[in-house]
Amino acid sequence: MIRKIISVALSAMFSLSGVCSCTAKPTVETKNDIDMKTDGKKLVVFFSHAGENYNVGVIEKGNTRIIADMIADAVGADRFEIVPAKPYPVNYNECIEVAKDEKQSGARPAINGDVKIEDYDVIFLGYPNWWGEMPMCVYTFIEQHDWTGKTVIPFITHEGSGMGGTDRKIANACKGADVAVCKGLAVQGKIAQEQQEVAGENVDKWLSKLGF
Ligand SMILES: Cc1cc2nc3c(=O)[nH]c(=O)nc-3n(C[C@H](O)[C@H](O)[C@H](O)COP(=O)(O)O)c2cc1C
């Protein structure tokens, strides 16, 4: 009950700021309504931000990273972390301001390192919900690759806004890919961080429904 109140309050806060119009989905959601490719070489690409965060205090391992590791371990995927060249602030209030500015200006912050997605068939793409969007550094990664023929499966962690329509944004941004829109996984960050058994069960259930 308390978690629900917090989630709704958070969603309201982000909505009032005029940059997110998402609905509150406080726990784990799975959707499974279209067929997709599961064979071939697999990669988990993710962005995750450790430090101070909403609802979980100061964390050493980001919420999305926890889910990314679960997926990679379960399906035997390689993993690649999107690392911004200029780190986001550790302080939560500073971080949300930077993220808001980046979203509003459509920034494409530089990132360190890269991975040859050409070598993979199925790519899980994970990120936190930031202002009802993917963090802009995820767009930087997406836009520097050719996604033709790839199967892309989104996953997100959040504190009330769920997928927030980011699966459809990925479908637009990953040109040429078969994006598993409406089959992504949304996990509440606090559950990923503090109830890993529950989160792990949901990851396994989701992967199994997808055919992995
Ligand atoms: C900059 C910023 C913006 C956020 N915006 C939202 C939001 O719009 N909706 C939401 O449900 N959660 C929002 N959150 C909470 C994160 O989505 C959530 O804590 C997520 O699990 C963080 O994942 P990470 O630890 O992998 O970075 C935001 C957090 C930050 C830091």
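All values reported here derive from a predicted model rather than from experimental measurement. (Residues numbered from 1 in each chain as written. Predicted model: local features only at pLDDT ≥ 70, side-chain atom pairs only at ≥ 80, totals over all residues.)

1. A short note on the site of the ligand
The condition that has to hold: Note on definitions: a residue is near a molecule or strand provided its C-beta atom, placed from the backbone, lies within 6 Å of it. Residue polarity follows a fixed list, in which Ala, Val, Leu, Ile, Met, Phe, Trp, Tyr, Cys and Pro are nonpolar, Asp, Glu, Lys and Arg are charged, and the others, Gly among them, are polar.
Surveying the vicinity of the ligand reveals 25 residues, the closest of which are Thr64, Pro128, Thr157, Ser161 and Gly189. The residue makeup of the shell around the ligand, split by class, is 10 nonpolar, 13 polar and 2 charged.

2. A word on the environment of Glu159
Counted only if it meets this: Helix and strand labels come from DSSP, where a helix needs a run of H or I of at least four residues and a strand needs a run of E of at least two; each type is numbered from the N terminus. Burial is judged by counting the other C-beta atoms within 10 Å of a residue's own C-beta: 20 or more makes it buried, 12 or fewer makes it exposed, and any count in between marks it as partly exposed, with every C-beta position built from the backbone.
Turning to its location among the elements, Glu159 is positioned in the loop between strand 9 (151-158) and helix 5 (166-173). Of the residues examined, Glu159 has 24 C-beta atoms within 10 Å and is grouped as buried. Sequence separation between Glu159 and Ala186 is 27 residues; the distance between their C-alpha atoms is 9.9 Å.

3. Quick look at helix 7 (residues 196-210)
Quick note on the threshold: In this scheme, a helix's expected span is set at 1.5 Å multiplied by one less than its residue total. Think of it as the arc spanned by the lines of direction from the helix axis to the C-beta atoms.
With 15 residues, helix 7 should reach 21 Å at 1.5 Å per residue; the first-to-last C-alpha distance of 21 Å fits that figure. Inspection of helix 7 places Ala199, Asn202, Val203 and Trp206 among the buried residues, and these make up the whole buried set. Down the axis of helix 7, the buried side of the element spans an arc of 105°, and every buried residue falls inside it. Turned more than 90 degrees away from the buried face of helix 7, the exposed residues are Glu197, Glu201 and Ser208. Two residues or fewer past helix 7, Gly211 is found with a positive phi of approximately 100°.

4. Digging into the pairing of strand 2 (residues 42-46)
Here is the rule we go by: Only strands that DSSP links by at least two bridges are regarded as paired with each other.
A large share of strand 2 lies buried, amounting to 5 of its 5 residues. Going residue by residue along strand 2, you find Lys42, Val44 and Phe46 tucked away on one face and Leu43 and Val45 tucked away on the opposite face as well. Where strand 2 lies against strand 8 (residues 122-128), 5 bridges are found, and the strand directions are parallel. The residue of strand 8 that forms the bridge with Val45 is Leu125. Pairing between strand 2 and strand 5 (residues 78-81): 4 bridges, direction parallel. For Phe46, the partnering residue across the bridge sits in strand 5 and is Glu81.

5. With respect to helix 4 (residues 136-143)
Condition: Residues are scored as being in contact if the C-beta atoms we place from backbone atoms lie within 7 Å.
Of all 8 residues in helix 4, 6 are buried, a share of seventy percent or more. Residues Met136, Cys137, Val138, Tyr139, Phe141 and Ile142 constitute the buried set of helix 4. Looking at the buried side of helix 4, the elements it contacts are strand 2, strand 6 (83-84), helix 3 (92-105), strand 7 (111-112), strand 8 and helix 5.

6. Here we look at the pairing of strand 8
We apply this condition: Here is how to tell: hold the view so the strands point away, follow the path from the first strand over the helix to the second, and if it runs clockwise the crossover is right-handed.
A large share of strand 8 lies buried, amounting to 7 of its 7 residues. On strand 8, burial covers both faces: Val122, Phe124, Gly126 and Pro128 on one face and Ile123, Leu125 and Tyr127 on the other are all buried. In the sheet, strand 8 pairs with strand 9 via 7 bridges, with the strands oriented parallel. Residue pairing across strands places Val122 opposite Thr151, the latter belonging to strand 9. This β-α-β element, strand 8 to helix 4 to strand 9, shows right-handed connectivity.

7. Remarks on the packing of helix 2 (residues 63-75) against helix 7
Keep this limit in mind: Only the contacting stretch of a helix is used when fitting its axis, a line to C-alpha atoms as for every element, and angles between N-to-C directions run 0 to 180 degrees. Angle categories are assigned with fixed cut-offs, so that under 35 degrees is roughly parallel, over 145 is roughly antiparallel, 65 to 115 is roughly perpendicular, and the rest are oblique. Rotating anticlockwise by less than a right angle from the far helix to the near helix defines a left-handed crossing, while the corresponding clockwise rotation defines a right-handed one.
Axis separation between helix 2 and helix 7 bottoms out at 10 Å; the angle between their running directions is 50°. Here helix 7 runs oblique to helix 2, going by the angle between their axes. Crossing geometry of helix 2 relative to helix 7 is assigned as right-handed. Of the residues in helix 7, those touching helix 2 at Ile66, Ile67, Met70, Ile71, Ala74 and Val75 are Gln196, Ala199, Gly200, Val203, Asp204 and Leu207. In the contact of helix 2 with helix 7, the residues fall into 9 nonpolar, 2 polar and 1 charged.

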